[in-house]
Amino acid sequence: MFNVFNILEESKVESLVVLDIREWAAFSDFFIIGTILSPTHADRVIKTLSENVETKNKIRGVEGDEKSSWVLIDLGYFILHLMDISARDYYRLEYLWHKASVVKLNRTPE
């Protein structure tokens with residue numbers, strides 16, 4: 001997850017939040033939620049992830065396209081939600097999953 005989180009930060013994905021959903025969901029362990037600036041930004045992030053993510057964290061599926069305000073990327077034990085600001089404000093995943101713990105990640109050294 002650290003590798004993906006670092007890629008997201010380097011790709012300028014904003015307002016990153018990691019939620020531990022293990023207690024509340026059987027389909028995944030964590031959500032990573034981030035704000036994208038445009039559909040082109042989301043496409044660039046997906047391309048970067050598909051080229052850099054370790055084999056065990058290979059992308060299993062992507063929902064959404066270049067016209068979407070919300071792109072979901074299934075990475076197995078965690079699911080990445082890339083949303084533009086209006087979708088993030090509208091869907092409020094952090095609120096919907098308010099019982100999940102927010103995970104604070106220590107930045108890996110450069």
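Look above for the structure.
Residues numbered from 1 in each chain as written. Predicted model: local features only at pLDDT ≥ 70, side-chain atom pairs only at ≥ 80, totals over all residues. Heavy atoms only, no water.

Asker: Give a description of the packing of aromatic side chains that names residues and reports values.
Answerer: The full count for this structure, using the stated rule, is six aromatic pairs. When the centroid spacing of 6.2 Å and the interplanar angle of 35 degrees are considered together, the rings of Phe27 and Phe31 count as tilted. Assessed through its relative accessible area of 4%, Phe31 is described here as buried. Aromatic pair Phe31 and Trp97: ring centres 5.0 Å apart, planes at 80 degrees, arrangement edge-to-face. (Phe/Tyr/Trp six-rings, centres within 6.5 Å; stacked < 30°, edge-to-face > 60°. Buried < 20%, exposed > 50% of the residue type's maximum accessible area, 1.4 Å probe, protein only.)

Asker: Quick one: what's the story with the sheet that holds strand β3 (residues 61–63), residue by residue and with numbers?
Answerer: One open sheet holds the six strands; their spatial order is β3-β4-β5-β2-β1-β6, and the pairing between them is mixed. Two strands in the sheet have a free side with no partner beyond their single neighbour: β3 and β6 (101–102). Pairing between strand β2 (residues 30–35) and strand β5 (residues 78–83): six bridges, direction parallel. By the bridge assignment for β5, Phe31 is matched with Ile79. The strands touched by helix α1 (residues 2–10) are β1 (14–20), β2 and β5; relative to β1, the strand with the most contacts, the crossing angle is about 165 degrees. Helix α2 (residues 39–52) rests against β2, β3, β4 (70–74) and β5 of the sheet, and its axis sits at about 10 degrees to β4. (Pairing = 2+ DSSP bridges. Helix = DSSP H or I, 4+ residues; strand = E, 2+ residues; numbered from the N terminus. Contact = heavy atoms within 4.5 Å. Axes fitted to C-alpha atoms, helices over the stretch in contact; angles between N-to-C directions.)

Asker: I'd love a proper account of the environment of Ser28, names of residues and values included.
Answerer: With respect to the helices and strands, Ser28 occurs in the loop between β1 and β2. A C-alpha to C-alpha distance of 6.9 Å links Ser28 and Ile79, two positions 51 residues apart in sequence. Here Ser28 is in contact with Ile21, Arg22, Gly76, Tyr77, Phe78 and Ile79, once residues within four sequence places are set aside. Of note is the side chain of Ser28, whose polar atom sits 3.5 Å from the backbone oxygen of Phe30. Within the structure, Ser28 has its side chain in polar contact with the backbone nitrogen of Phe78 (distance 3.5 Å). (Polar contact = N/O pair within 3.5 Å; in protein donor to acceptor, adjacent residues only side chain to side chain.)

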